[in-house]
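Each chain, letter by letter, is given below.
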Amino acid sequence: MRFKGVLTQRGLNELGRGFLPTLQRFGKTVVLVLGPEEVHLVSEGGMASDADSTDGPFVCVRLGAPLVFDAAPLCQSKHNLNLIAFEFDLKLFERVMHGAASNEAEGLEMKLSMRRVPNGEETQARPFLSFQQGGSISITSELPISKPFPQAEVDHLIALIRSDDVCPFYVDLMPAVANLNESLKRLKKLSQACLVTLVKNGDAHFQAFRMQSGCTVGVEYRGLEVHPDGERVADDRNVEAQQQPTGRLAAAKDLGMCSELIVRAKHLTSAFGVCQYTRPAKLLCGANGDFLHFLYVYLDRAGGAVTDKESMAIKIPCVQDSSAGF
């Protein structure tokens, strides 16, 4: 099993300043999946295969190898797609990235290595992800990692990453993110759960139920883009005739124009809050029966078109809790 690649400056920036703080909002460790063509950073959350998994969000960052590495990386393994996956501590990774930035690293080489470390009175071989910094002074940093995952676990990760689970339609929440962050701060004080309702006419509703008073408090955003275009429904007269958000929502539900799901308010806050780090062009949000699906869409810095070399997806599981009050 071998891996070696030289990180680009943009790769360093994307990892260290964008996606690293993003992933830290969702956990203390992350799984890195290395391949000849793509790099994935995965936090499994509630979709982990082990019995100790939490109800946290599933987060997947995908970066094309040309964006991260100067040239095609050397990646060899027993996996039929030459994929290598392992887990590491995000705090330690942060130190390596910040060290590279502060030393103005040129041609930062990243490779897998083995080193013997003390283990009581003996030593044992441990895997590391090594970073060799070039320039006037050569510095090597080593990041302790888990044992590379067996093929079955790698296949499980790839199945999650490439899952074709999509929602009936998506609403672009990016124009409302700044206001949504402030609204969710207030809603979180009322309830730990939030009901998210997306409407095919481009409306989005976020509601919290206050158990003590038995009332529901919510916020409505209107006129948002709907994707794909064919799913958008023109404004209905019955919906538009309603003067209050609750009336418009009830009318839209009667017409079957809505998708809705109850999720943890803190997970919503994190999903919106990380936009400040990576600055997506669009934040598409959809709902099905199991999770709220966020797709972060980025632009190619050269031409300004949507890029296929950089993306992020977050799936927030639904709340199976009758105490939510909805």
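Structure shown above.
Note that the structure is predicted; figures quoted are calculated from it, not measured. (Residues numbered from 1 in each chain as written. Predicted model: local features only at pLDDT ≥ 70, side-chain atom pairs only at ≥ 80, totals over all residues. Heavy atoms only, no water.)

A. Structural detail: the overall build of the chain. Helix and strand content of the chain: 9 helices and 18 strands. By the burial criterion, 49% of the 326 residues in the chain qualify as buried. Long-range pairs, those at least 24 residues apart, make up 66% of the contacts in the chain with a sequence separation of at least 6. By element, 47% of the accessible surface of the chain is carried by carbon and sulfur atoms, the whole surface being about 16,200 Å². Treating the 34 positive side-chain charges of the chain as one cloud and the 38 negative ones as another, the clouds have centres 5 Å apart. (Helix = DSSP H or I, 4+ residues; strand = E, 2+ residues; numbered from the N terminus. Buried < 20%, exposed > 50% of the residue type's maximum accessible area, 1.4 Å probe, protein only. Contact = heavy atoms within 4.5 Å. Areas by Shrake-Rupley, 256 points an atom, 1.4 Å probe, with all protein chains shown as cover. Lys, Arg positive; Asp, Glu negative; His and termini not counted. Charge placed at Lys NZ, Arg CZ, Asp CG, Glu CD.)

B. Representation of the packing of aromatic side chains in the model. Under the defined criterion, the tally for this structure stands at 8 aromatic pairs. Aromatic pair Phe88 and Phe93: ring centres 5.0 Å apart, planes at 45°, arrangement tilted. With respect to burial, Phe88 and Phe93 carry one shared label: buried. What links up through ring pairs into an aromatic cluster is the set Phe86, Phe88, Phe93 and Phe131. One Lys or Arg, Arg115, reaches over the ring of Phe128 and ends 4.7 Å from the middle of that ring. (Phe/Tyr/Trp six-rings, centres within 6.5 Å; stacked < 30°, edge-to-face > 60°. Lys NZ or Arg CZ within 6 Å of the ring centre and 35° of its normal.)

C. Spotlight on the sheet that holds strand S11 (residues 193-199). The sheet built from 4 strands is open, its strands ordered S13-S12-S11-S15 with antiparallel pairing. The outermost strands of the open sheet, each flanked by one partner alone, are strand S13 (215-221) and strand S15 (258-264). Here the average twist between neighbouring strands, direction ignored, is 20°. As defined by bridge partners, S11 adjoins strand S12 (residues 204-210) across 4 bridges and the pair is classed as antiparallel. In the sheet register, Thr197 faces S12, and the bridge partner there is His205. The strands touched by helix H8 (residues 265-273) are S11, S12 and S15; relative to S15, the strand with the most contacts, the crossing angle is about 105°. (Pairing = 2+ DSSP bridges. Axes fitted to C-alpha atoms, helices over the stretch in contact; angles between N-to-C directions.)

D. The arrangement of helix H5 (residues 177-190) in detail. Helix length check: H5, at 14 residues, gives a terminal C-alpha distance of 20 Å against a target of 20 Å (1.5 Å per residue), a fit within 8%. Those residues of H5 that fall on the buried side of the exposure criterion are Val177, Leu180, Ser183, Leu184 and Leu187. (Expected span 1.5 Å × (residues − 1).)

E. Structural detail: the sheet that holds strand S7 (residues 109-119). In space, the 5 strands of this open sheet follow the order S5-S1-S7-S8-S9, with antiparallel pairing throughout. Two strands bound the open sheet, and with one partner strand each, they are strand S5 (74-76) and strand S9 (139-144). Direction aside, the axes of adjacent strands within the sheet are offset by 35° on average. The pairing of strand S1 (residues 2-6) with S5 spans 3 bridges and is antiparallel. Note that in S5 the partner of Lys4 across the bridge is Leu74.

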